[in-house]
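Fold and contact review
Take a look at the letters that make up each chain.
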Amino acid sequence: MKTQTSDMTKGTPIKVIAYFAIPLFIGTLFQQAYNIIDTMIAGHKLGDDAIAAIGATAALYSVLIYFANGMNNGFGVVMAQIFGSRNIAKMRKAVAAAVILNTATTVLLTAAVLPFLRLLLKLLDTPADIFEMSYRYIFIILAGMIATIAYNMCAGFMRAVGNSRTPLYFLIISCAVNIGLDFLFIMGMNMGVVGAALATVLAQLISAVFCAVYIMKKYGGFMPDKSDWRIPWDLAKEMLSTGASMGLMSSVLAIGSIILQKGINNLGKDIITAHTASRRIFEFLMMPLQAIANACATFVGQNFGAKQFERIRRSMKQVLWLELAWSLVSAAVAFPGGGFLVRIVTGTDNADIIANAAYNLEVCTVFFFPLGILFVLRNSMQAMGHKIAPVFSSGIELAVKVLSCIFVIPVMKYKGIVFTEPVIWALCAVFLAAVYLRKKFVCS
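Here the structure is a predicted model, which means the values were calculated and not measured. (Residues numbered from 1 in each chain as written. Predicted model: local features only at pLDDT ≥ 70, side-chain atom pairs only at ≥ 80, totals over all residues. Heavy atoms only, no water.)

1. Topic: the overall build of the chain
Selection rule: The way it works is that DSSP assigns letters per residue, a run of H or I at least four long becomes a helix, a run of E at least two long becomes a strand, and they are numbered from the N terminus. We compute the radius of gyration over the C-alpha atoms and compare it with the globule rule, which gives 2.2 Å times the number of residues raised to the power 0.38. Here the accessible surface of atoms and residues is derived via Shrake-Rupley with a 1.4 Å probe, and residues count as covered only by protein chains that are part of the display. His is not counted here, nor are the chain ends, while Lys and Arg score as positive and Asp and Glu score as negative. For the purpose of locating charges, the reference atoms are NZ of Lys, CZ of Arg, CG of Asp and CD of Glu.
Scanning the chain from terminus to terminus reveals 16 helices and 0 strands. Over its C-alpha trace the chain gives a radius of gyration of 21 Å, about what one expects of a compact globule, namely 22 Å for 444 residues. The dimensions of the chain, computed from C-alpha atoms along their principal axes, are 60 × 45 × 35 Å. Looking at the chain as shown, the accessible area adds up to about 18000 Å², and 69% of this sits on carbon and sulfur atoms. Distance between charge centroids for the chain: 13 Å, based on 36 positive and 21 negative side chains.

This is the structure in structure tokens:
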């Protein structure tokens, strides 16, 4: 059997990471592309209210999906370490553990959230005139989150063994399907935001099915046998602790976003629309920062498992230079072109929406380098098995967002929202850098 794997314990670190990061970047590029196309079609066809309805639910969706995806990133870290140590028998048990834990997580999250969805939207102060539209959209998205979780589990496995390209191919196919379904459901069948939600869920389901079939055919040697479903306690503990810590870190960040979303929702539909539009563009520009950090995490995980500590030290320095370079490029795009990009994405002629969205975009890109440092340190420290400091940094983020909603946003209004996250990125990056340098996590 021929399998596509990549041994990241050999070769020049920065070249290995960059080669691995390119498919990750292209994959997130396509993911964001169909998010932006959703927004563009909704904005041009359905108007500003549709964008506001989708944006008003973003943080709620994030807290659930970020936990599940963060958990899968943790599972991937453990599998990368096992792959680096060449322990195939343990790898099969790790795959079995990932399937069991993801299934349980999906059932629990779905059962815990859907019955209380209206209450949660009320707690977020979702404006009354877009409440039903928001409810219909987020209900469908959350009911179909099994597809998102399944895709991320499969993609996490393939990344752990050094294959970042195959998930990309399937994602490209699902993006094309998503765009086609958007036009069919929204433009052709006039299904509104329900059509946008259905298109997203169906596209994610297709990518998950393709990935699962491919893995079973091409990675049979890593697939669990009957005996592998009896998970040893030490491996279960390792998977749970790493997965839970990364899931908790991601969900704490998303809880902070929910709190911030409440502040945004209180400022009215125009601000919700402006923030949603700027976030779509911001997330698009942020993708290379995330791709580099995610590739670095896989690199660090494999090399930590192989005890190649000097390679880890060298890679961390080189990766930060890449993050700085992209931060400068992003700022150069945002400052002259922010308003133009907002008009393209939303189709709006509202001058206040355009001005507020462009302002948020400009401020955020100025702080991209601290954000890049934060991504790299959080992912890499988790990949080396050091969980406390990254989770604590998430706690700092949550605390600052709470304080901002209580004391800053009521006074500064939208400017308070704009500056809250960039200040958090800088604080958390300084904190993690200080911990990393002081503790010297990578031993000689």
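And the narrative resumes.
2. Some thoughts on the packing of aromatic side chains
For clarity, the threshold we go by: Each Phe, Tyr or Trp ring (for Trp, its six-membered ring) is paired with any other whose centre lies within 6.5 Å, and the angle between the two planes then decides the class: stacked below 30 degrees, edge-to-face above 60, tilted in between. Working rule: Lys NZ or Arg CZ, within 6 Å of ring centre, within 35 degrees of ring normal, means a charge sits over the ring.
Throughout the structure, instances matching the rule amount to 13 aromatic pairs. Through pairs of rings, three or more aromatic residues link up here, namely Phe-83, Phe-157, Phe-170, Phe-210, Tyr-214, Tyr-219 and Phe-222. The residue whose ring lies beneath Arg-118 is Tyr-135, and the NZ or CZ to ring-centre distance is 4.0 Å. Geometry around Tyr-19 places Arg-165 over its ring, the cationic atom sitting 4.5 Å from the centre.

3. Notes on helix α11 (residues 269–305)
The following threshold applies: Helix span is expected to be 1.5 Å times the residue number reduced by one. Relative accessibility decides the category of a residue: with a 1.4 Å probe and only protein chains considered, values under 20% of the type maximum give buried, values over 50% give exposed, and everything between is partly exposed.
Helix length check: α11, at 37 residues, gives a terminal C-alpha distance of 50 Å against a target of 54 Å (1.5 Å per residue), a fit within 8%. Counting buried residues in α11 gives 30 out of 37 residues, a clear majority hidden from the surface. Lys-307 sits one or two residues past α11 and shows a positive phi near 60°.

4. Things to note about unusual backbone geometry
A positive phi angle is found at Arg-86, which is not glycine, with a value near 65°. Within the secondary structure, Arg-86 sits in the loop between α3 (58–84) and α4 (88–113). A positive phi angle, close to 60°, is found at Lys-307, a residue other than glycine.

5. Side note on the nonpolar core
Using the following cut-off: Put simply, buried Ala, Val, Leu, Ile, Met, Phe, Trp, Tyr and Cys residues joined by side-chain atoms within 4.5 Å make one nonpolar core. Any pair of residues with heavy atoms lying within 4.5 Å of one another is described as a contacting pair.
Of all hydrophobic cores here, the largest spans 52 residues; its most connected members are Phe-282 and Leu-371. Elements that contribute at least two residues to this core include exactly α1 (13–46), α11, α12 (309–346), α13 (351–366), α14 (368–383) and α16 (414–439). Ranked by residue count, the leading element in this core is α11, at 14 residues. Every residue in contact with Leu-371, bar those within four places of it in the chain, is listed here: Phe-282, Met-286, Leu-289 and Trp-425.

6. Remarks on the confidence of the model for the chain
Do not read the fine detail of predicted coordinates wherever pLDDT is low. Which entries qualify depends on this criterion: pLDDT is a per-residue confidence score from the predictor, ranging from 0 to 100.
Confidence along the chain averages 85 in pLDDT terms, with 94% of residues attaining 70 or more. Considering each helix and strand of the chain separately, the mean pLDDT is smallest for α1, with a value of 75, and largest for α13, with 94.

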